[in-house]
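# Examination of the molecular architecture
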Amino acid sequence: MNPCSCGYYPDRNKCNCSIPMVKRYLGKISKPMLDRFDICIEAMNIDFKELQTKSKEESSAKIRERINKAHQIQAERYKDCNIRYNSQLTPKTIKKFCKLESKEQTLLEKAFIKMNLSARAYHRILKVARTIADLDNSEKITVKHLSEAICYRSLDDKYW
Ligand SMILES: [Zn+2]
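This is a predicted model, so every value here is computed, not measured.

Reading the values: rules and limits
Residues numbered from 1 in each chain as written. Predicted model: local features only at pLDDT ≥ 70, side-chain atom pairs only at ≥ 80, totals over all residues. Heavy atoms only, no water. UniProt positions renumbered as here; feature names shortened; annotations may be inferred. Helix = DSSP H or I, 4+ residues; strand = E, 2+ residues; numbered from the N terminus. Contact = heavy atoms within 4.5 Å. Phe/Tyr/Trp six-rings, centres within 6.5 Å; stacked < 30°, edge-to-face > 60°. Buried < 20%, exposed > 50% of the residue type's maximum accessible area, 1.4 Å probe, protein only. Expected span 1.5 Å × (residues − 1). Arc of directions from axis to C-beta. Core = buried A, V, L, I, M, F, W, Y, C linked by side-chain atoms within 4.5 Å. Salt bridge = Lys/Arg side-chain N within 4 Å of Asp/Glu carboxyl O.

Let's shift gears to the UniProt feature "domain: Magnesium chelatase ChlI-like catalytic" (unreviewed entry) in the protein. The UniProt entry lists residues 1–49 under the feature "domain: Magnesium chelatase ChlI-like catalytic" (unreviewed entry), expressed in the numbering used here. The distance from the first to the last C-alpha atom of residues 1–49 is 24 Å, and the span holds 29% helix and 0% strand.

Put into structure tokens, the structure is as follows:
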């Protein structure tokens, strides 16, 4: 979605919406609704030059390979659990499969308090962190994986 009806918020040089207008616009998606998304990312504007430069991005085939590998890891992990993907984890099974060591535990605790997270958001972060670790072929969920997952939740804080 756009951040406001003109699309330029928070760039106050371009956006001419009033703050109540922006709030009303963002209010189309309520906080409890937003809580049900796994990942929220802010897409920055890109300029014409950037569109024209030939970037060396990872190819779709390579990305597909990584995703397939992550699916295999999950299928193996959950073979006795009647589920196939991290997204299907319940709060109970999250405890079992998304264990954190103390450094990671502390990070998540701080984020939980600072970002005023709900239990639902907390569980989503853990599931997303598990997936990021799987894509990284890492058995452990590390600070790097967890931080990335927390970033995908930080938009609520910024706009809502
Ligand atoms: Zn605007």
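Mapping leucine 89 onto the fold places it in the loop between α4 (60–77) and α5 (91–97). It is 29 Å that separates the C-alpha atoms of leucine 89 and lysine 28, two residues lying 61 residues apart in sequence. When residues no more than four places from it in sequence are discounted, the contact partners of leucine 89 are Tyr78, Ile83, Ile94, Phe97, Cys98 and Lys127.

In this section: the packing of aromatic side chains. Inspection of the entire model under this criterion finds 3 aromatic pairs. Aromatic pair tyrosine 78 and phenylalanine 97: ring centres 5.0 Å apart, planes at 90 degrees, arrangement edge-to-face. Taken as a pair, tyrosine 78 in the loop between α4 and α5 and phenylalanine 97 in helix α5 lie far apart in primary sequence, 19 residues in all. In this structure, tyrosine 78 and phenylalanine 97 share a single accessibility class: buried.

Two residues of an α-helix separated by three or four positions point the same way, owing to the 3.6 residues in each turn. With 18 residues, α4 extends 26 Å from end C-alpha to end C-alpha; this agrees with the ideal 26 Å at 1.5 Å per step. Inspection of α4 places Ala70, Gln74 and Arg77 among the buried residues, and these make up the whole buried set. The buried residues of α4 occupy an angular sector of 60 degrees when projected down its axis, which confines them to one face. Opposite its buried face, α4 presents the exposed residues Ala61, Arg64, Glu65, Gln72 and Glu76, each directed more than 90 degrees away. Residues of α4 that are buried sit in contact with α5 and α7 (119–135).

Among all positions in helix α1 (residues 19–26), only Val22, Tyr25 and Leu26 are buried. End-on view of α1: buried residues confined to an arc of 95 degrees, all on one side of the axis. Facing away from the buried side of α1 by over 90 degrees, the exposed positions are Pro20, Lys23 and Arg24. Residues of α1 that are buried make contact with α9 (154–159).

The feature "domain: Mg chelatase-related protein C-terminal" (unreviewed entry), as given by UniProt, occupies residues 57–153 in the numbering adopted here. Span residues 57–153 is 66% helix and 0% strand, its end C-alpha atoms 25 Å apart.

So, about the nonpolar core. Within the largest apolar cluster, 23 residues are counted, with the highest numbers of intra-cluster contacts made by Leu89, Leu108, Ile125, Ile141, Leu146 and Ile150. Looking at this core, the elements with two or more residues in it are α5, α6 (102–114), α7 and α8 (143–151). Apart from residues no more than four positions distant in its own chain, isoleucine 141 is found in contact with Cys98, Leu100, Glu104, Leu126, Ala129, Arg130, Ala133 and Leu146. In terms of nonpolar packing, the next biggest core, distinct from the first, is built from 10 residues, Cys17, Leu26, Cys40 and Tyr159 among them.

Scanning the model with the defined rule gives 8 salt bridges in all. With a closest N to O distance of 2.9 Å, lysine 158 and glutamate 42 form a salt bridge. Residue lysine 158 is found in helix α9, and its partner glutamate 42 is found in the loop between α2 (31–34) and α3 (48–52); the two are separated by 116 residues along the sequence. Here lysine 158 falls in the partly exposed class, since its relative accessible area comes to 48%. The residue glutamate 101 makes a salt bridge to lysine 140 at a minimum N-O spacing of 3.6 Å. Here lysine 140 lies in the loop between α7 and α8 and glutamate 101 lies in the loop between α5 and α6, a separation of 39 residues in the sequence. Each member of the salt-bridge network shares a partner with another, and the members are Arg77, Arg130 and Asp134.

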